[in-house]
Amino acid sequence: MKIKLKYLPLLLLIIVASCSKDEVVEPTAEQTFGIRHDKSLSDYENIASSGNPNLPDFSTVVFFNYSLDGSNNRDYVASGVVIDEEWILTAGHNFYDLSEQSTPAPKSGILVKLGNNPNLSTSTYSVSEIVFHPTWLAGNQELNHANDLCLIKVSNVISGVTPAVIFNQSNESLNSVVWHCGFGDYSKLSGQNPDLFSKKHAMSNILDRIKDGFQTSHAGITYNGGLLAFDFDNPSGSINSLGDAIVNEDEGLLGNGTSTAMALDFEGTTVSGDSGGPLFIFDNGVWKVAGILSGGADEPIPNHVDGNYGDISIYTRVSTSYSWIQSVIQ
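Residues numbered from 1 in each chain as written. Predicted model: local features only at pLDDT ≥ 70, side-chain atom pairs only at ≥ 80, totals over all residues. Heavy atoms only, no water.

> How should helix α5 (residues 322-329) be read in this particular structure?
Note that an α-helix has 3.6 residues per turn; residues three or four places apart therefore point the same way. Of all the residues in α5, the buried ones are W324, I325, Q326, V328 and I329. Packed against the buried residues of α5 are β4 (87-90), β6 (124-132), α3 (134-137), β7 (150-154), β8 (165-166) and β12 (221-231). (Buried < 20%, exposed > 50% of the residue type's maximum accessible area, 1.4 Å probe, protein only. Helix = DSSP H or I, 4+ residues; strand = E, 2+ residues; numbered from the N terminus. Contact = heavy atoms within 4.5 Å.)

Dropping the structure here:
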């Protein structure tokens, strides 16, 4: 079961070249792209840059611009989160996807940018080391391996950002409010410049699924894995893909459960370029990183269009890989 292609790293030049006036998304009550049809993208961008102390610290979310061959033609975009003064946690498929690459992307082709707008001058870091989850690197790259993780070490200590805290317990609360943040591409939305990178944006949702019990092995070592997921509900409550009677293969992997049909004020879903971005959950007075964006369920409702209501976003659960993460960064 391969990860849904919409969450593979964003190849900006292909998207820019293929956009036309006919393809611009004009949101209606029945159609949208990534955000509620009754809000503007700037609402979500403002949340990400607000510095609201009651929300997660979105300054920890970083922008990747990179090439797969180590060249300076950095055409790809992805997201990640600072978890240490030198380390960033992101998705493994951003830099190594067996369906597209024979070898992982070299560190020489990766740039890391801090800040809310990657089009402006901002703090930029080069990469000194890439560490993939061992079984992802070994070729176990399907959704049910629950190991889509990668750690990026930068060449200099990251300044001006307090690293995010990782959720290290296996007791995430179902139906709790969670926040996602990333740099996914919104160039198809009306009013967006397709020649510019999208700004950082943040959105909220309800955690609908928690699934553990996945295992992979390499070199005689067994690794545990888990998944987290939420769906993108419409304001009228008529689309609730993780609460309806339609359960496809990807949804079945997430296990049984229910889902509220209530859309939050900043309800949204994830789009290309958000890969590797964090899912924050509130725990003991602190917003912590509980998941890293990996993929999405294919065709969650009939005639579904990616980015529209009904989308299901799936995250690699970091609590089940906490020991491995700590073994790398310490």
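> Before we go on, may I ask you to explain the environment of N54 in this structure?
Note that N54 resides in the loop between α2 (41-49) and β2 (61-66). Using a relative accessible area of 61% as the deciding quantity, one classes N54 as exposed. Each C-alpha atom of the pair N54 and Y223 lies 35 Å from the other, and the pair is 169 residues apart in sequence.

> Which parts of the structure should I look at to understand the nonpolar core?
One recurring pattern in soluble globular proteins: nonpolar side chains tend to sit buried together. Counting residues in hydrophobic clusters, the biggest one holds 32 residues, and the most contacted among them are I83, L89, L151, F280 and I325. Elements represented by at least two residues in this core include exactly α2, β2, β3 (76-82), β4, β9 (177-182), β14 (286-296) and α5. Among the elements that line this core, the one with the most residues is α5, at four residues. If we ignore the near neighbours within four places in the chain, the residues touching I325 are I83, L89, L151, I166 and V318. With 22 residues, the next largest nonpolar core counts V62, I88, I110 and V161 among its residues. (Core = buried A, V, L, I, M, F, W, Y, C linked by side-chain atoms within 4.5 Å.)

> Would you mind going over the packing of aromatic side chains with me for this structure?
In this description, an aromatic ring pair is defined by two values, namely the gap between the centres and the angle between the planes. Applying the stated criterion across every chain yields a total of 13 aromatic pairs. When the ring of F64 is compared with that of F95, the centres are 5.3 Å apart and the planes differ by 85°; the resulting orientation is edge-to-face. Highlighted residues: F64 in strand β2 and F95 in the loop between β4 and β5 (110-113), separated in sequence by 31 residues. In terms of burial, F64 and F95 fall into one category: buried. By the ring-pair criterion, three or more aromatic residues cluster together here, those being F64, Y66, Y76 and F95. (Phe/Tyr/Trp six-rings, centres within 6.5 Å; stacked < 30°, edge-to-face > 60°.)

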